[in-house]
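In case you want the letters, here they are:
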Amino acid sequence: MKTEHEIVNRVYGSKMDAQAADALVREYFPYIQSETARFLKRMPIAGQDDELNVAMFAFHEAAMAYVQKKGSFLKFAAVVIRNRLIDYRRKEKRHTGMISLDQRMGDEGKSRTLLEKIDAGHDEIAHRHARNAAKEEILEFSRQLSQYGLRLTDVADNCPKQARTMKACHQVLAYARKERILLDQFVASGKLPLSALAEGAGVEKKTLERHRKYLVALLLAYTNGYEIIRGHLSQITSGKGA
């Protein structure tokens, strides 16, 4: 097994050499496969499971973006792979099972469109699914927050109360979403890169330091597509950002 120093040398060597990068992906294919299997809860099948291709591209992306001072490369690569797989899964779910609302259902002559048959106000099944999805997402988000020693109530308490401070936090979010690899490094290291975020977003670091807890939650909400949590944070923002 290679030492971390040897792995880092290989990774840095791949940054400027496409052939070396391809060789690195091939050499670590078993690792990529195992990370994909951990996500799928089964061994992926080459040529059948698109997730394996997504993971390979993510590993390559991790190699191109890796900086040694951020910690172990393989730990960083695992975070990038998982985040890209989660993004892929969420996109797939949005497109799976979609049918036209104008599609007619029933016997000819008595058919109605699906849109005509839906009564959103009395769709208990949809409400139940929505509640379950919200519960699962909140539990997962709370679990991630706990890794930083935080609870959801801490986030609400630390939410900026001044509009200009809230604006600064969201400038940071916009910059972090643009420089996606910063989010991956944040999750991999467990450390909020305040200096890099402040400089990149053009805001004062001391402003961010006062609202570190809120920033941790805000950035985490955009690492794995927590759509419900993002809506919750927006409600907190509208209530306190005046």
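For the structure itself, look to the data block above.
The structure contained in this document is the topic of the report that follows. A quick note: this is a predicted structure, and the numbers were derived from the prediction, not measured.

So, how was this worked out
- Residues numbered from 1 in each chain as written.
- Predicted model: local features only at pLDDT ≥ 70, side-chain atom pairs only at ≥ 80, totals over all residues.
- Heavy atoms only, no water.
- Helix = DSSP H or I, 4+ residues; strand = E, 2+ residues; numbered from the N terminus.
- Buried < 20%, exposed > 50% of the residue type's maximum accessible area, 1.4 Å probe, protein only.
- Contact = heavy atoms within 4.5 Å.
- Areas by Shrake-Rupley, 256 points an atom, 1.4 Å probe, with all protein chains shown as cover.
- Arc of directions from axis to C-beta.
- Axes fitted to C-alpha atoms, helices over the stretch in contact; angles between N-to-C directions.
- Parallel < 35°, antiparallel > 145°, perpendicular 65-115°, else oblique.
- Nonpolar A, V, L, I, M, F, W, Y, C, P; charged D, E, K, R; others polar.
- Salt bridge = Lys/Arg side-chain N within 4 Å of Asp/Glu carboxyl O.
- Expected span 1.5 Å × (residues − 1).
- Core = buried A, V, L, I, M, F, W, Y, C linked by side-chain atoms within 4.5 Å.
- Phe/Tyr/Trp six-rings, centres within 6.5 Å; stacked < 30°, edge-to-face > 60°.

## Thoughts on the overall build of the protein
Thought 1: Within the protein, the regular secondary structure consists of 14 helices and two strands.
Thought 2: The buried share of the protein, reckoned over its 242 residues, is 39%.
Thought 3: Long-range contacts, defined here as pairs at least 24 residues apart, represent 63% of the contacts in the protein between residues at least 6 apart.
Thought 4: Accessible area of the protein: about 14,600 Å², with a carbon and sulfur share of 53%.

## Examining helix 11 (residues 194–201)
Thought 1: Among the residues making up helix 11, those that are buried are Leu194, Leu197, Ala198 and Ala201. The arc enclosing the buried residues of helix 11, seen along the axis, measures out at 95°, which places them on a common side.
Thought 2: Lining the buried residues of helix 11 we find helix 9 (163–178), helix 10 (180–189), helix 12 (205–209) and helix 13 (212–220).
Thought 3: One or two residues past the end of helix 11 sits glycine 202, with phi positive at roughly 75°.

## Observations concerning the packing of helix 2 (residues 18–27) against helix 3 (residues 29–40)
Thought 1: The N-to-C vectors of helix 2 and helix 3 enclose an angle of 55°; their axes lie 4 Å apart at closest approach. Here helix 3 runs oblique to helix 2, going by the angle between their axes. When helix 2 is examined against helix 3, the residues Val25, Arg26 and Glu27 are found in contact with a partner set consisting of Phe29, Pro30 and Ile32.
Thought 2: Of the residues belonging to the contact of helix 2 with helix 3, the class tally is four nonpolar, no polar and two charged.

## A short note on the pattern of salt bridges
Thought 1: This structure, assessed with the given rule, holds nine salt bridges.
Thought 2: With its nearest N and O atoms 2.4 Å apart, the salt bridge here joins glutamate 27 to arginine 10. Placement of glutamate 27 in helix 2 and of arginine 10 in helix 1 (residues 4–14) is noted, with a sequence separation of 17 residues between them.
Thought 3: Measuring nitrogen to oxygen at the nearest pair gives 3.7 Å for the salt bridge that ties aspartate 154 to arginine 151.
Thought 4: When its relative accessible area of 15% is taken as the criterion, aspartate 154 is described as buried.

## Re the environment of phenylalanine 186
Thought 1: Position of phenylalanine 186 relative to the elements: it lies in helix 10.
Thought 2: A C-alpha to C-alpha distance of 9.1 Å links phenylalanine 186 and valine 216, two positions 30 residues apart in sequence.

## What about helix 3?
Thought 1: The end-to-end C-alpha separation of helix 3 is 16 Å, in line with the 16 Å expected for twelve residues at 1.5 Å each.
Thought 2: Positive phi appears at lysine 41, one or two residues downstream of helix 3, with a value of about 70°.

## A short note on the nonpolar core
Thought 1: Core analysis: the biggest nonpolar cluster contains 32 residues, and Phe141, Leu145, Leu192, Leu215, Val216 and Leu219 have the highest contact counts within it.
Thought 2: Elements that contribute at least two residues to this core include exactly helix 7 (124–146), helix 9, helix 10, helix 11 and helix 13.
Thought 3: Setting aside residues no more than four positions away along its own chain, leucine 145 makes contact with Leu150, Arg151, Leu152, Val155, Val216, Ala217 and Leu220.
Thought 4: Counting 30 residues, the second-largest nonpolar core is a separate cluster that includes Leu40, Phe73, Val79 and Tyr88.

## Observations concerning the packing of aromatic side chains
Thought 1: All chains considered together, the criterion is met by seven aromatic pairs.
Thought 2: Taking the centre distance of 5.5 Å and the plane angle of 80° together, the rings of phenylalanine 59 and phenylalanine 73 count as edge-to-face. Note that phenylalanine 59 is positioned in helix 4 (residues 50–65) and phenylalanine 73 in helix 5 (residues 73–95), a separation of 14 residues in sequence.
Thought 3: Among the residues examined, phenylalanine 59 registers a relative accessible area of 0% and is labelled buried.
Thought 4: Residue phenylalanine 73 is classed as buried on the basis of its relative accessible area of 0%.
Thought 5: Among the aromatic residues, those joined into a cluster by ring pairs are Tyr12, Tyr28, Tyr31, Phe59, Tyr66, Phe73 and Phe76.

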